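Summary of the model geometry
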Amino acid sequence: MGQIALEQVAKSFGDVNVIQPLDLTIEDGEFCVFVGPSGCGKSTLLRLIAGLEDITSGAIRIDGVDASDTPPAKRGLAMVFQSYALYPHMTVRKNIAFPMKMSGVPEAEQKRRIEAAAKALNLTDYLDRRPGQLSGGQRQRVAIGRAIVREPAAFLFDEPLSNLDAALRVGMRLEISELHKRLKTTMVYVTHDQVEAMTMADKIVVLRAGNIEQIGSPLELYRNPRNLFVAGFIGSPRMNLIEGNAAAQHGAATIGIRPEHIEVAENGPWRGTVGVAEHLGSDTFLHVLGTGLAESLTVRATGEVGLRFGDAVALAPREDQIHRFDASGMRIA
Ligand code: ADP
Ligand code: MG
């Protein structure tokens with residue numbers, strides 16, 4: 001079991017309110033991602049759940065039981081950090097065994113759990129190595145292994161992939177998702193990277209300045225961002241935001257349209273000049289200047305598009321894909 005419920009949870013450091021009172025329920029077995037810009041309170045919120053910080057007000061319930069004052073070790077949660085914090089002089093096996101040794105798990109049971117974790121993480125052949133003899137990705141897997149053997153009610157990850165290079169990050173992202181599918185244990189995962197959030201989460205919690213901006217599945221947030229902040233944060237490249245006359249015509253202060261919802265079309269109503277064209281092979285992202293709508297519009301075209309810097313281009317937005325926002329930045333239904 002591993003349901004985590006936050007009720008009016010708030011946190012201040014001195015007189016600085018870092019987490020505003022918020023409600024959130026993470027269901028048993030769910031993969032929940034906290035995402036938001038640096039400094040928005042993601043780590044603090046995770047540390048409150050872990051018990052590494054005391055809540056200033058509100059309550060945290062784990063499987064229905066008030067855990068607000070329960071010390072971290074008694075919450076049944078296991079945390080994995082960005083820095084793996086492995087013991088360099090211990091083998092992988094001993095590193096993974098460490099938390100079980102501390103809590104007095106019998107030797108035979110330790111062995112069983114180490115082998116199961118090593119198998120789940122493809123570390124079986126590395127159990128007798130020391131961390132210095134492993135790659136960054138393998139070290140992060142050892143850190144995850146150390147969490148798995150505790151058989152926690154939930155895993156708490158704080159930007160576990162930030163220290164890895166881009167290719168490894170993609171690989172580990174998949175591994176953690178697969179691990180979740182197999183273990184079916186609740187995972188709460190903090191990242192500033194919206195691509196990680198989109199690709200891994202069952203449920204995304206978008207945070208800004210200690211507030212929850214929106215909660216939903218990746219596609220719910222992508223299709224129906226509640227406000228301009230979420231619209232701009234979720235999706236890469238970002239949604240185009242247009243103010244002024246073009247927005248007023250739609251009865252909005254701002255309209256938003258994603259790069260894949262603008263087509264290069266000979267008789268399209270929007271006209272401009274191609275600035276940078278980013279060729280990714282599969283797609284080309286055109287940055288179109290001089291439309292008078294926004295400084296630059298990003299348009300997703302095919303990989304083979306023949307347009308280049310300085311070419312005149314006409315664009316057609318897909319009307320049914322236009323998002324409308326009012327002057328306060330909230331979505332207009
Ligand atoms: P994130 O993980 O989203 O980058 P954090 O949760 O680390 O953000 O921090 C949120 C805010 O709380 C930041 O403004 C940070 O400076 C502040 N903060 C975090 N920990 C402390 C602390 N121990 N004392 C004072 N301020 C803190
Ligand atoms: Mg952080």
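Residues numbered from 1 in each chain as written. Chains lettered and ligands numbered in written order. Predicted model: local features only at pLDDT ≥ 70, side-chain atom pairs only at ≥ 80, totals over all residues. Heavy atoms only, no water.

Tracing the sequence through the fold places Thr 291 in the loop between strand 15 (283-289) and strand 16 (296-302). In the structure, Thr 291 is positioned 22 residues away from Pro 269 in sequence and 10.0 Å away in space, judged by C-alpha atoms. In this structure, Thr 291 is in contact with Arg 271, Gly 272 and Leu 297, ignoring residues within four places of it in sequence. Of note is the side chain of Thr 291, whose polar atom sits 3.2 Å from the backbone nitrogen of Leu 293. (Helix = DSSP H or I, 4+ residues; strand = E, 2+ residues; numbered from the N terminus. Contact = heavy atoms within 4.5 Å. Polar contact = N/O pair within 3.5 Å; in protein donor to acceptor, adjacent residues only side chain to side chain.)

Attention now goes to the environment of Val 276. Relative to the assigned elements, Val 276 resides in strand 14 (residues 270-279). Along the backbone, Val 276 and Thr 191 are 85 residues apart, and their C-alpha atoms lie at a distance of 29 Å. Aside from chain neighbours lying at most four places away, what touches Val 276 is Phe 285, Leu 286, His 287 and Phe 309.

A pair of packed helices is characterised by two quantities: the angle between their axes and the separation of those axes. Their axes nearest at 11 Å, the elements helix 4 (residues 136-148) and helix 5 (residues 166-183) cross at an angle of 20°. It follows from the interaxial angle that helix 4 and helix 5 lie roughly parallel. In terms of crossing hand, the pair formed by helix 4 and helix 5 is right-handed. Taken together, the residues of helix 5 that come into contact with helix 4 (itself represented by Gly 137, Gln 140, Arg 141, Ile 144 and Ile 148) are Leu 168, Met 172, Glu 175, Ile 176, Leu 179 and Leu 183. (Axes fitted to C-alpha atoms, helices over the stretch in contact; angles between N-to-C directions. Parallel < 35°, antiparallel > 145°, perpendicular 65-115°, else oblique. Left-handed = near helix turned anticlockwise from the far one by under 90°.)

Here we come to the site of ligand 1. Neighbouring ligand 1 are the residues Phe 13, Val 18, Pro 37, Ser 38, Gly 39, Cys 40, Gly 41, Lys 42, Ser 43 and Thr 44. Measuring from an oxygen atom of ligand 1, one finds a side-chain N or O atom of Lys 42 at 2.9 Å. Within the side chain of Thr 44, an N or O atom sits 2.5 Å from an oxygen atom of ligand 1. Compared with its free state, where it exposes 560 Å², ligand 1 has 54% of that area covered by protein. For the shell around ligand 1, the element with the highest residue contribution is helix 1 (residues 42-50), accounting for three residues. (Near = heavy atom within 4 Å. Areas by Shrake-Rupley, 256 points an atom, 1.4 Å probe, with all protein chains shown as cover.)

This part covers the pairing of strand 3 (residues 31-35). Taking burial as the measure, the five residues of strand 3 include five buried ones, the bulk of the element. Neither face of strand 3 is open: one carries Phe 31, Val 33 and Val 35, the other Cys 32 and Phe 34, and all of them are buried. Here strand 3 runs beside strand 8 (residues 186-191); their pairing, made up of five bridges, is parallel. Residue pairing across strands places Val 35 opposite Thr 191, the latter belonging to strand 8. As defined by bridge partners, strand 3 adjoins strand 9 (residues 203-208) across four bridges and the pair is classed as parallel. Residue pairing in the sheet places Val 33 in a bridge with Ile 204 of strand 9. (Buried < 20%, exposed > 50% of the residue type's maximum accessible area, 1.4 Å probe, protein only. Pairing = 2+ DSSP bridges.)

Moving on: the packing of aromatic side chains. Under the defined criterion, the tally for this structure stands at five aromatic pairs. The interplanar angle of 40° and the centroid separation of 5.8 Å between the aromatic rings of Phe 31 and Tyr 189 together place this pair among those described as tilted. Here the residue Phe 31 occupies a position in strand 3, and Tyr 189 occupies one in strand 8, the gap between them amounting to 158 residues. These aromatic residues form a ring-pair network of at least three members: Phe 31, Phe 155, Phe 157 and Tyr 189. Geometry around Tyr 222 places Arg 258 over its ring, the cationic atom sitting 3.8 Å from the centre. (Phe/Tyr/Trp six-rings, centres within 6.5 Å; stacked < 30°, edge-to-face > 60°. Lys NZ or Arg CZ within 6 Å of the ring centre and 35° of its normal.)

Within the open sheet, the three strands sit side by side as 11-12-18. Their pairing is antiparallel. Looking along the sheet, the strands with just one partner apiece sit at the ends: strand 11 (240-243) and strand 18 (323-325). Geometrically, the sheet is characterised by an average inter-axis angle of 25° between neighbouring strands, direction not taken into account. Summarising the sheet, strand 12 (residues 254-257) and strand 18 pair through three bridges and their orientation is antiparallel. Within strand 18, the residue paired with Ile 255 across the bridge is Arg 324.

Here the focus is the nonpolar core. General note: in soluble globular proteins, nonpolar side chains tend to be found buried as a group. Ile 144, Phe 157, Ile 176, Tyr 189 and Val 206 are the most contacted members of the largest nonpolar core, which totals 44 residues. Counting residues per element, this core draws most heavily on helix 4, which supplies five residues. With near-sequence residues (within four places) excluded, Ile 144 lies in contact with Val 80, Leu 121, Phe 157, Met 172, Ile 176 and Leu 179. Counting residues in each nonpolar core, the second largest holds 29 residues, with Leu 6, Leu 48, Ile 62 and Val 205 among its members. (Core = buried A, V, L, I, M, F, W, Y, C linked by side-chain atoms within 4.5 Å.)

On to unusual backbone geometry, then. Look at the link from Ser 236 to Pro 237: it is a cis peptide, with omega at -5°. Among the secondary structure elements, Pro 237 is positioned in the loop between helix 8 (228-233) and strand 11. Unlike most non-glycine residues, Lys 184 shows phi in positive territory, near 60°. Residue Lys 184 is classed as exposed on the basis of its relative accessible area, which comes to 60%.

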